[in-house]
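Here are the chains, one letter per residue:
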Amino acid sequence: MLNQLQKQIENRSCTLAILGLGYVGLPLAITFVNAGYRIIGYDINPEYLNQMRNGISKILDISSQELKDALATGRFSLTSVPSDLEGADVHIICVPTPLSKSRQPDMSYIESALATLLTVWGPGKMAILESTTYPGTTQELLLPTLSRNGLKLDEDFLLAFSPERVDPGNHKFPLHRIPKVVGGSSKASTQAAAALYGAAFEQVHTVSSPTAAELAKLLENTFRNVNIALVNEFAQICDSLKADVWEVIEAAGTKPFGFMPFFPGPGIGGHCIPLDPQYLVYKSRLHGYEPRLVALADQINVERPRYVVQQAMDILNTQGKAINGARVLVLGVTYKPDVPDPRESPALPILEFLAEKGADTHYIDPWIPSIRLKNGDEMLSARDLKEEAAEADLIIILTAHQNFDYELISKYGKKLLDTRNAVSTSLRQQPN
Ligand code: SAJ
C-alpha cells in the first residue's frame, strides 16, 4: 500500500488534503496544484471557503487571479466537510498554534484537525504537520493518535513534520523557492515527504526526525525574537546615553561579517515571532531546563509598549502637557508594514495604555479601518493625515507603512515619537 503511495507521489497522481487554508495552507495548496497534484483544501470557515470559491483571496501572498487559476485546473477543491477528505492520500495540517491567555501553548487547533483527519484515516496514507509547535508534538501526539486501531508506522502509514516558512508580504521569496526542511518519524516517512515536497519546492533539506525539524523552526524564530529583544534593550541604553541608536545600528551594519542588523520597535507582533519561542520555553521547562535567555527576551519585548508610552509622556511633559487629555495621533497599527494584519501588534497595548491614561487618541492605518481594544472599545481609523497631524499634541509612528506622507509628518518633528525611525529613513530614500 505504501509502495503505491510512494509511486503516486512520484508520478503526481496522489491527492493531498491541506487542513487549514490560512497564510500557510493556501499558498501551500496553490504551490502543490501548480506542481500537478490534486488538492482538497479543508477549512472550518464556510464563509471564507465561499469567498475563495468565488475567486476572492484574503491571503496577502496569493492573488485572486492565482486562486482562480488554481481552481480552473479542476484539481483544487474546497470543503469544510470532513468526509470529503476520504479520497486523500496525504494529509498536511497547517492550522494556527497560538498561545493561551497565560502564554502557554494552545494545541486546540492541532487537536481539532487531528480529530477531523481521524474520521478518514486508514492504511496507505501519510500525515504531515506544518504548524509551528513544541518539539516532540509529532512523535508524542500525532504518532500515537494515528497508530490507533492497530495501524502501524511504515506498515500502514507514514508521518513527518515540515515547518512552514512564510514571510508574509515578502515577494522576494515565493514559497516554492524557500528551502523546505523535512523530518520523518521513519526513514520511509522522510523519503516520501521529501519526494512530495521535492516535486513542488526547489530545495528540500531532510533531518533525522520530526523533533529536529520542529526544533529547527523554533531556532529560526527564537533567533529573531532574542535578537529583537537585544536591540530593543540596546535602544533603551542609547536613550539613556542620549545616543541615536539608529545611527549606531547603521554603523555596526557596515561590518561585512559576523553581524546581522535588527531594529528596535514598540514590541513584536505577528503570529510567529512573539509566540513560537514560548513553545520552546514550555517544552524546555518540562524537561527540567529553564531557558533564561529566551524567557528574558520575551519579557523585554513584552515590556516595550509600556516603554513607548513612557516616552510619549516624557515628550508631552516637555511641552508642559499631561498625557491626560492630550491629543495623540498613532500612525500604523498592523504588526509590520504594508500587511493588513494587526495580530499581536504592539499597537494594541499601546492604544489601551493611552486610553487608560486619559489621552484623546486617534489612529490612522490605511490597512485597518477599525480596531477593537481589549476593553471592547472600537476605534475607527481617521483619514486626513494633514488635519490629524496638525491637531495632535503628539504623533507616534508605530508601523512604517510605505504610503504615509513622511514629508508632511517631518514638519511636526517637535511632537513626533518615531519608534521605527521611519521619517528619516523615508526622507533619506527620496531622490535629492
Ligand atoms: N521586528 C522588530 N525588529 C526587527 C525585526 C522585526 O521589531 O528587527 C518586529 C516586526 O515589527 C514584527 C515582528 O518583529 O512586529 C515580526 O517581524 P518579522 O519580520 O519576523 O515578520 P513575520 O512574523 O511576518 O515573519 C516571520 C518571518 N520573517 C522573516 O524571516 C523576515 C520568519 O521569521 C518566519 O518565517 C515567519 O515569521 C513565520 O511564519 O514563522
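Quick caveat: nothing in here was measured; it's all calculated off a predicted structure.

**Things to note about the pattern of salt bridges**
At step 1: By the definition in use, this model includes twelve salt bridges.
At step 2: Two residues, Lys-180 and Glu-130, come together in a salt bridge whose shortest N-O distance is 3.0 Å. Highlighted residues: Lys-180 in strand E7 (residues 180-184) and Glu-130 in the loop between strand E5 (125-129) and helix H6 (137-146), separated in sequence by 50 residues.
At step 3: The buried category is assigned to Lys-180, whose relative accessible area is 4%.
At step 4: With a closest N to O distance of 3.8 Å, Asp-393 and Lys-321 form a salt bridge. A residue pair is termed long-range when its members are at least 10 positions apart, and Asp-393 in the loop between helix H13 (385-391) and strand E13 (394-397) and Lys-321 in the loop between helix H11 (292-318) and strand E9 (327-331) qualify at 72 residues.
At step 5: Assessed through its relative accessible area of 19%, Asp-393 is described here as buried.

**Quick word on the nonpolar core**
At step 1: One finds Phe-32, Tyr-37, Phe-76, Ile-92, Met-126 and Leu-196 to be the most contacted residues of the largest nonpolar core, which totals 56 residues.
At step 2: In terms of residue count, the dominant contributor to this core is helix H2 (residues 25-34) (six residues).
At step 3: Split by domain, this core shows at least three residues from each of two domains, domain 1 (2-208) and domain 2 (224-429).
At step 4: If we ignore the near neighbours within four places in the chain, the residues touching Ile-92 are Ala-17, Ile-18, Leu-19, Leu-28, Phe-32, Ile-128, Glu-130, Leu-196 and Tyr-197.
At step 5: Listed in part, the 32 residues of the second largest apolar core include Leu-85, Val-95, Leu-142 and Phe-157.

**Concerning the site of the ligand**
At step 1: Taken together, 18 residues surround the ligand, and among them Lys-217, Asn-221, Arg-224, Phe-263 and Tyr-335 come closest.
At step 2: Within the contact set of the ligand, an oxygen atom lies 3.0 Å away from a side-chain nitrogen or oxygen of Lys-336.
At step 3: Of the residues belonging to the shell around the ligand, the class tally is ten nonpolar, two polar and six charged.
At step 4: Counting residues domain by domain, the shell around the ligand receives three or more from each of domain 1 (2-208) and domain 2 (224-429).

**What about the packing of aromatic side chains?**
In this description, an aromatic ring pair is defined by two values, namely the gap between the centres and the angle between the planes.
At step 1: In this structure the tally under the stated criterion is nine aromatic pairs.
At step 2: Ring geometry for Tyr-197 versus Phe-201: centroids 5.7 Å apart, planes at 70°, classification edge-to-face. Both residues of the pair, Tyr-197 and Phe-201, count as buried.
At step 3: Aromatic pair Phe-404 and Tyr-406: ring centres 6.2 Å apart, planes at 90°, arrangement edge-to-face.
At step 4: Phe-404 gets classed as buried once you look at its relative accessible area, which sits at 8%.
At step 5: An aromatic cluster is present here, built from Phe-32, Tyr-37, Tyr-197 and Phe-201 joined pairwise through their rings.
At step 6: One residue, Lys-180, lies across the ring of Tyr-197, its end atom 4.7 Å from the ring centre.
At step 7: Lys-180 extends its terminal NZ or CZ atom over the ring of Phe-201, reaching a point 5.8 Å from the ring centre.

**Details of H11**
At step 1: Here H11 contains 27 residues, and its C-alpha end-to-end distance of 38 Å stays within 8% of the 39 Å for a straight helix at 1.5 Å per residue.
At step 2: Of all bends in H11, the biggest is about 40°, found at Arg-304, and the proline Pro-305 comes one to four residues later.
At step 3: Downstream of H11 by one or two residues, Gly-320 has phi in the positive range, about 70°.

**Quick word on the pairing of E5**
At step 1: Taken across its five residues, E5 has five buried, putting it largely inside the fold.
At step 2: On E5, burial covers both faces: Lys-125, Ala-127 and Leu-129 on one face and Met-126 and Ile-128 on the other are all buried.
At step 3: Sheet topology note: the strand E4 (residues 90-93)/E5 ladder contains four bridges and is parallel. Pairing of His-91 across the sheet is with Ala-127, part of E5.
At step 4: Pairing geometry for E5 and strand E6 (residues 157-161), over five bridges, is parallel. Across the sheet, the residue bridging to Lys-125 is Phe-157, located in E6.
At step 5: Taking the sense of rotation as the criterion, the β-α-β connection linking E5, H6 and E6 turns out right-handed.

**Side note on the sheet that holds strand E10 (residues 360-364)**
At step 1: Pairing in this open sheet of four strands is parallel, and the strands run E10-E9-E13-E14 from one edge to the other. With one partner strand each, in any of the chains shown, E10 and strand E14 (416-418) form the two edges of the open sheet. If you compare each strand with its neighbour and ignore which way they point, the axes differ by 20° on average.
At step 2: Bridge count between E13 and E14: three bridges; the pairing is parallel. Opposite Ile-395, over in E14, you have Leu-416 as the bridge partner.

The rules behind the values
Residues numbered from 1 in each chain as written. Predicted model: local features only at pLDDT ≥ 70, side-chain atom pairs only at ≥ 80, totals over all residues. Heavy atoms only, no water. Salt bridge = Lys/Arg side-chain N within 4 Å of Asp/Glu carboxyl O. Helix = DSSP H or I, 4+ residues; strand = E, 2+ residues; numbered from the N terminus. Buried < 20%, exposed > 50% of the residue type's maximum accessible area, 1.4 Å probe, protein only. Core = buried A, V, L, I, M, F, W, Y, C linked by side-chain atoms within 4.5 Å. Domains from an automatic or database assignment. Contact = heavy atoms within 4.5 Å. Near = heavy atom within 4 Å. Polar contact = N/O pair within 3.5 Å; in protein donor to acceptor, adjacent residues only side chain to side chain. Nonpolar A, V, L, I, M, F, W, Y, C, P; charged D, E, K, R; others polar. Phe/Tyr/Trp six-rings, centres within 6.5 Å; stacked < 30°, edge-to-face > 60°. Lys NZ or Arg CZ within 6 Å of the ring centre and 35° of its normal. Expected span 1.5 Å × (residues − 1). Bend = angle between axes of the 7 residues up to and from the residue. Pairing = 2+ DSSP bridges. Right-handed = clockwise from strand over helix to strand, strands pointing away. Axes fitted to C-alpha atoms, helices over the stretch in contact; angles between N-to-C directions.

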